[in-house]
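Residue-level structural notes
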Amino acid sequence: EPEVTQTPSHQVTQMGQEVILRCVPISNHLYFYWYRQILGQKVEFLVSFYNNEISEKSEIFDDQFSVERPDGSNFTLKIRSTKLEDSAMYFCASSLDRVTYEQYFGPGTRLTVT
Amino acid sequence: EDKVVQSPLSLVVHEGDTVTLNCSYEVTNFRSLLWYKQEKKAPTFLFMLTSSGIEKKSGRLSSILDKKELFSILNITATQTGDSAIYLCANKAAGNKLTFGGGTRVLVKP
């Protein structure tokens, strides 16, 4: 069964450093998403992406965040200058379309900022 | 602001018991309600509900939506230890994002 994959599974970085989290969505899916889950808290929407541009973003997704689909398979989330409060599990998800189809989640990348 | 509230926060049952999980929501431009199971990491999709009163079923799991009263329930019958997980409810309104509830942690004891 097709699945969303993410790398790395765990990333440790120092405050102020840039990190790039990588995702490979399901191959025929057209919509891509990033969510995050701070330990013990709800899963929160960050951004959705379609046709090589952001279609929706949350208040969390400020100027330090960016997304990119650099090739036909990868979807990346970049955090330019990490802060302690960016420590969380980051989930990538994809869906066939944005209305009628469910979103499938990857296994997540645990980001620890020290 | 869209809101999704789940109850109870957690529950402990024994194998063979039936559990009922609740999800209420306040959203504008409702499209669908989704249930996910989260074990160690990724939320795994269970159901997507768009119409009131139509039960969706998969094995021992079932779910139904009430769009008038703005809630959904997830039932698990004949629970097994493998059902131990956090169950997440999420709303999809107009647009792309899912708004998640806080989850219900279910522990099934042998």
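That block above? That's the structure.
We now turn to the structure provided with this report. Worth saying up front: this structure is predicted, and the values here are computed from it rather than measured. (Residues numbered from 1 in each chain as written. Chains lettered and ligands numbered in written order. Predicted model: local features only at pLDDT ≥ 70, side-chain atom pairs only at ≥ 80, totals over all residues. Heavy atoms only, no water.)

Section: the overall build of chain A
Under the convention used in this document: Strands here mean DSSP runs of E at least two residues long; helices mean DSSP runs of H or I at least four residues long; both are numbered from the N terminus. Relative accessibility decides the category of a residue: with a 1.4 Å probe and only protein chains considered, values under 20% of the type maximum give buried, values over 50% give exposed, and everything between is partly exposed. Any pair of residues with heavy atoms lying within 4.5 Å of one another is described as a contacting pair. Residue-level accessible areas treat just the shown protein chains as cover; the underlying method is Shrake-Rupley with a 1.4 Å probe. In this charge count, Lys and Arg are treated as positive and Asp and Glu as negative; neither His nor the chain ends contribute. Lysine's charge is taken at NZ, arginine's at CZ, aspartate's at CG and glutamate's at CD.
The helix and strand inventory of chain A stands at 0 helices and 11 strands. Scored against the burial criterion, the 114 residues of chain A give a buried share of 45%. In chain A, the proportion of contacts linking residues at least 24 apart, taken out of those at least 6 apart, comes to 54%. Approximately 5800 Å² of chain A is accessible, and the part contributed by carbon and sulfur atoms is 46%. Measuring between centres, the 10 positive side-chain charges of chain A sit 4 Å from its 15 negative side-chain charges.

Quick notes on the state of the cysteines
Residues and elements named next belong to chain A. The condition is simple: Defined by distance alone, a disulfide is two cysteine sulfur atoms within 2.5 Å.
Inspection of every chain in the model, using the stated rule, returns 2 disulfides over all chains. One disulfide in the model links Cys23 with Cys92; its S-S distance is 1.9 Å. Across the disulfide from Cys23 to Cys92, rotation about the S-S bond amounts to roughly -60 degrees, and the bridge is consequently left-handed. A residue pair is termed long-range when its members are at least 10 positions apart, and Cys23 in strand 3 (residues 19-24) and Cys92 in strand 9 (residues 88-95) qualify at 69 residues.

Focus: the sheet that holds strand 1 (residues 3-7) of chain B
The pairing of strands in a sheet comes from backbone hydrogen bonds and takes either a parallel or an antiparallel form. Residue and element names in this part refer to chain B. Counted only if it meets this: Two strands pair if DSSP finds at least two bridges between them. Axis geometry follows a simple rule: fit a line to the C-alpha atoms, using only the stretch in contact for helices, then measure angles between N-to-C directions, giving values from 0 to 180 degrees.
Taken in spatial order, the 5 strands make up an open sheet running 1-3-8-7-6, and their pairing is antiparallel. For this open sheet the edge positions go to strand 1 and strand 6 (56-58), each flanked by a neighbour on one side alone. Sheet twist, expressed as the average angle between the axes of neighbouring strands with direction ignored, equals 15 degrees. Note that strand 3 (residues 19-26) and strand 8 (residues 71-76) share 6 bridges and pair antiparallel. Note that in strand 8 the partner of Ser24 across the bridge is Phe71.

Some thoughts on the packing of aromatic side chains
Here is the rule we go by: Ring pairs shown here join Phe, Tyr and Trp side chains whose ring centres sit within 6.5 Å, with only the six-membered ring taken for Trp; geometry is labelled stacked below 30 degrees between planes, edge-to-face above 60, and tilted in between.
If you walk through the whole model with that rule in mind, you get 16 aromatic pairs over all chains. Centre to centre, the rings of Phe61 of chain A and Phe65 of chain A are 5.6 Å apart; their planes meet at 25 degrees, and the pair counts as stacked. The burial state of Phe61 of chain A is the same as that of Phe65 of chain A; both residues are buried. Taking 5.9 Å as the distance between ring centres and 75 degrees as the angle between the ring planes, the aromatic pair formed by Tyr36 of chain B and Phe45 of chain B counts as edge-to-face. According to the relative accessible area criterion, Tyr36 of chain B is buried, its value standing at 0%.

Quick notes on the interface of chain B and chain A
What counts, and what does not: As used here, buried area is the combined drop in accessible area, with a 1.4 Å probe, of two parts when they are placed together. Under the rule applied, a polar contact is a pair of N or O atoms within 3.5 Å (in protein, one hydrogen donor and one hydrogen acceptor; residues adjacent in sequence only if both atoms are side-chain atoms). In this count, Pro and Cys sit with the nonpolar residues alongside Ala, Val, Leu, Ile, Met, Phe, Trp and Tyr, while Asp, Glu, Lys and Arg are called charged and the others, Gly among them, polar.
Chain B puts 19 residues into the contact, and the matching count from chain A is 23 residues. A combined buried area of about 1800 Å² lies between chain B and chain A, and 55% of that area is made up of carbon and sulfur atoms. When the area that chain B buries against chain A is broken down by residue, the three leading residues are Lys41, Asn96 and Phe100 of chain B, summing to 33%. Across the contact surface, chain B and chain A share 3 residue pairs in polar contact (both at pLDDT 80 or more). Secondary structure elements with two or more residues in the side of chain B that touches chain A: strand 4 (30-38), strand 5 (43-49), strand 9 (85-93) and strand 10 (98-100) of chain B. Per-element accounting of the side of chain B that touches chain A gives the leading share, 4 residues, to strand 4 of chain B. In terms of residue class, the side of chain B that touches chain A is made up of 10 nonpolar, 5 polar and 4 charged.

Here we look at the sheet that holds strand 3 of chain A
Residues and elements named next belong to chain A. Spatial strand order, 1-3-8-7: 4 strands in an open sheet with antiparallel pairing. The open sheet is flanked by strand 1 (5-7) and strand 7 (65-68), the only strands paired with a single partner. The mean angle between the axes of side-by-side strands here comes to 20 degrees, regardless of whether they run parallel or antiparallel. As judged from the 4 bridges shared by strand 7 and strand 8 (residues 75-79), these two strands associate in the antiparallel manner. What sits directly across from Phe65, in strand 8, is Ile79.

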